[in-house]
Amino acid sequence: MSTRRTRPAPRPPEGTPPRTELARQARGVLADAVRIAHWAAGAPAPGSSAPLAAQALERAATALELSPAQVRAGWDRARLAGLIELHGDTARPGWRLRAWDRDDSAVLRGWVALFDAWSLVHAAPEGIETGAVAEAVEAVPQVLSLLQLSAGPVPVPALLDLLAQRIAELQEERCEVPYGNGRAALESAPADGRPAAPAPAPAPAPSGNRTTDRNADLDALLLDWALEGLAAVGALTLGNGHATLTPLGNWAVWVKLEQICVAAQSPAGNIEQSAADMLLGCARLTPGPARDEYRAWLAARTVGSAVAELLAVARGQDALLRGLAFEALRVVGAPAEPEVRAVVDHPSLRPYALLWLAEYEGVDPDDAQEILSREEATWLWVDTAAAVADHGETGLLVRHLDSAVQGTVPALLDEVRAVGHPRTVQVLVALAAAHPDPALAKAVRRAAFQVHTGGA
């Protein structure tokens, strides 16, 4: 019996709706995405690339009585929120879609994933340099913090001042020249998300205010884009010259400021729970107490049924439960060996099964990773990152970078893009949102954009 003390979860700001109401609002924001996800999950070969194939787009628009633009937008939202996942030419329902009507936490996590990806949902204005867009994305959390602290409408000029100040700070930190050429000098920026070649330094302007005016116009354009993007995902509303966080947006910003994790269930009573609920109940335990809980749960069941239930959970879409299921199978030991060996060819289970078998056969756990191919190790890195993004703290996601076998971030991003994990975009968006290094975050965000749009 554990006597560890836990810190009570901070209470949300006064006036925050209950989670059931927040989930209802999130379901409303993603209603079209859910409809399209259900359609795509049952449609044959909707398309293997990130954008919905033309024929499938027409079929979906007819079946759902939506315009092609609405279908395309809903398709993107469904992918970013984890409602659907592409496996080759087949769209499969994500675990959140299956839990959508009964699990408010899954709904809120899906909406937060969409919230983190607002800059992918709402395309940046044409002709603006990629670097300027990236700086605006990096500065937006300051804007959101002001909106959250104000607890009401905030005039757009105040938000513009804060955005411009934050962008100037970012440029000063990097010793960069401000983006003074605005639209005209940067219309040739590549559309694939890669950084453009540096523009030549502008000639001195006759008036000292001309560059300042161009910068102010660019900042205003970027702020309008950011506010519209955040409004598009349901995080804020726009009024006549002011912006206000919605209850969902206010809650999400507070969650990120407090770095709150989804509270794990108490381990008490896990012996009577299903495998999934038992594993979630053990998620925050240290290894020793967790193994005790696994043994108690296993003792109340036949070995065959327990192993079958754990592997069924591992086949699901929740990466955290997949990893925990194999931890519980380590406690089972030899009786689980035939069933674990039988799932080696299952794509999502293969790295876990290979590691389990290596340790079962006597390989030191610290050396077991060496049996994985580079591709298998990269897939496992993305899957583990997905578990951290869904259930862990942002600091853990940043530290997870150190566990990649590639050794450098550019090499990791290249191989992550190629490995084809269905959660790649969400993992990269979450990592970019969490990482404190602006340059690295920009590179990760660019990689997420390229995977999302099907680019190289």
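Residues numbered from 1 in each chain as written. Predicted model: local features only at pLDDT ≥ 70, side-chain atom pairs only at ≥ 80, totals over all residues. Heavy atoms only, no water.

(A) Structural detail: the overall build of the chain. Helix and strand counts for the chain stand at 22 helices and five strands. Split into buried and exposed, the 456 residues of the chain put 47% on the buried side. Restricting the contact set of the chain to residue pairs at least 6 apart, pairs at least 24 apart contribute 67%. By element, 54% of the accessible surface of the chain is carried by carbon and sulfur atoms, the whole surface being about 21900 Å². (Helix = DSSP H or I, 4+ residues; strand = E, 2+ residues; numbered from the N terminus. Buried < 20%, exposed > 50% of the residue type's maximum accessible area, 1.4 Å probe, protein only. Contact = heavy atoms within 4.5 Å. Areas by Shrake-Rupley, 256 points an atom, 1.4 Å probe, with all protein chains shown as cover.)

(B) Main features of the sheet that holds strand β3 (residues 154-155). Spatial ordering of the open sheet is given by β3-β5-β4, a layout of three strands whose pairing is antiparallel. Two strands close off the open sheet at either side, each with one partner strand: β3 and β4 (236-238). Bridge count for β3 against strand β5 (residues 242-245) is two bridges, and the pairing is antiparallel. Looking across to β5, one finds that Pro 155 is bridged to His 242. The sheet strands contacting helix α8 (residues 130-150) are β3, β4 and β5, and the helix crosses β5 at an angle near 75 degrees. (Pairing = 2+ DSSP bridges. Axes fitted to C-alpha atoms, helices over the stretch in contact; angles between N-to-C directions.)

(C) Quick look at the environment of Pro 338. Mapped onto the secondary structure, Pro 338 falls in helix α16 (residues 337-342). Classification of Pro 338 as partly exposed rests on a relative accessible area of 48%. Along the chain, Pro 338 and Leu 357 lie 19 residues apart, while their C-alpha atoms are 9.9 Å from each other.

(D) Inspection of the pattern of salt bridges at higher detail. In the structure shown here, the tally under the stated rule is 15 salt bridges. For Glu 327, the salt bridge goes to Arg 330, with nearest N and O atoms at 3.4 Å. One end of the pair is Glu 327 and the other is Arg 330, both in helix α15 (residues 319-332) and three residues apart, which spans about a single turn. Using a relative accessible area of 39% as the deciding quantity, one classes Glu 327 as partly exposed. A salt bridge links Glu 337 to Arg 341; the nearest nitrogen and oxygen atoms lie 2.5 Å apart. Of this pair, Glu 337 and Arg 341 both sit in helix α16, separated by four residues, roughly a single helical turn. Three or more residues are tied together by salt bridges with common partners; here these are Arg 96, Asp 390 and Arg 423. (Salt bridge = Lys/Arg side-chain N within 4 Å of Asp/Glu carboxyl O.)

(E) Quick look at the nonpolar core. One finds Leu 279, Phe 326, Leu 329 and Trp 381 to be the most contacted residues of the largest nonpolar core, which totals 132 residues. Setting aside chain neighbours within four positions, we find Leu 329 in contact with Val 307, Leu 310, Leu 311, Ala 336, Val 340 and Trp 356. (Core = buried A, V, L, I, M, F, W, Y, C linked by side-chain atoms within 4.5 Å.)

(F) Representation of helix α13 (residues 287-299) in the model. With 13 residues, α13 extends 18 Å between its outermost C-alpha atoms, agreeing within 8% with the 18 Å of an ideal straight helix rising 1.5 Å per residue. Ala 290, Tyr 294, Trp 297 and Leu 298 are the residues of α13 that are buried. Angularly, the buried residues of α13 cover 95 degrees about the axis, an arc narrow enough to put them on a single face. Check the buried side of α13 and you find it contacts α12 (275-281), α14 (303-314) and α15. (Expected span 1.5 Å × (residues − 1). Arc of directions from axis to C-beta.)

(G) Fine view of the packing of aromatic side chains. The final tally for this structure, using the stated rule, is four aromatic pairs. With a centroid separation of 5.3 Å and an interplanar angle of 15 degrees, the aromatic rings of Trp 111 and Phe 115 are classed as stacked. Of the two residues, Trp 111 and Phe 115 are both situated in helix α6 (residues 104-116); the distance of four residues between them amounts to about one turn of the helix. An identical accessibility class is assigned to Trp 111 and Phe 115; each is buried. (Phe/Tyr/Trp six-rings, centres within 6.5 Å; stacked < 30°, edge-to-face > 60°.)

(H) Highlighting unusual backbone geometry. One non-glycine residue, Ala 151, lies in positive phi territory at about 55 degrees. Summarising the element assignment, Ala 151 is placed in the loop between α8 and β3.

(I) Inspection of the confidence of the model for the chain at higher detail. Summing up the model confidence of the chain, the mean pLDDT is 79 and the portion of residues at 70 or higher is 81%. At the low end of the mean pLDDT range in the chain sits helix α3 (residues 54-64), at 71; at the high end sits β5, at 94. Across residues 1-8 the pLDDT falls below 50, and counting only partners more than four positions away or on other chains, this stretch makes two contacts in the model. Of the regions scoring below 50 in pLDDT, residues 179-208 engages in 37 contacts with residues more than four places distant in sequence or in other chains. (pLDDT = per-residue confidence, 0-100.)

(J) Summary view of the packing of helix α18 (residues 374-391) against helix α21 (residues 424-434). For the pair α18 and α21, the least separation of the axes is 9 Å and the interaxial angle reads 60 degrees. In terms of orientation, α18 lies oblique with respect to α21. Classified by chirality, the crossing of α21 by α18 is left-handed. Across the interface between the two elements, Trp 381, Val 382, Ala 385, Ala 386 and Ala 389 of α18 pack against Thr 424, Val 427, Ala 430 and Leu 431 of α21. Looking at the contact of α18 with α21 residue by residue, the class counts come to eight nonpolar, one polar and no charged. (Parallel < 35°, antiparallel > 145°, perpendicular 65-115°, else oblique. Left-handed = near helix turned anticlockwise from the far one by under 90°. Nonpolar A, V, L, I, M, F, W, Y, C, P; charged D, E, K, R; others polar.)

(K) Main features of the packing of α15 against α18. Taken N-terminus to C-terminus, the directions of α15 and α18 make an angle of 115 degrees; their axes are 7 Å apart at the nearest point. Between α15 and α18, the interaxial angle falls into the category roughly perpendicular. Facing Ala 319, Leu 320 and Arg 322 of α15, the residues of α18 in contact are Trp 379, Asp 383, Ala 386, Ala 387 and His 391. When grouped by side-chain class, the residues that make up the contact of α15 with α18 number five nonpolar, one polar and two charged.

(L) Region of the structure containing a negative patch on the surface. A contiguous patch of negative charge, built from Asp 364, Asp 366, Asp 367 and Glu 370, is present on the exposed surface. As for its placement among the helices and strands, Asp 367 is situated in the loop between α17 (350-360) and α18. Look at Asp 367 and you get partly exposed, because its relative accessible area is 38%. (Patch = residues over 30% accessible without salt bridge, like charges linked within 9 Å, V, L, I, M, F, W, Y side chains within 5 Å. Lys, Arg positive; Asp, Glu negative; His and termini not counted. Charge placed at Lys NZ, Arg CZ, Asp CG, Glu CD.)

(M) Representation of the environment of Pro 155. Structurally, Pro 155 is set in strand β3. Take Pro 155: its relative accessible area is 45%, and that puts it in the partly exposed class. Residues Pro 155 and Gly 239, 84 residues apart in the sequence, show an inter-C-alpha distance of 9.3 Å. Sequence-distant contacts of Pro 155, that is, excluding residues within four places in its chain, are made with Gly 241 and His 242.

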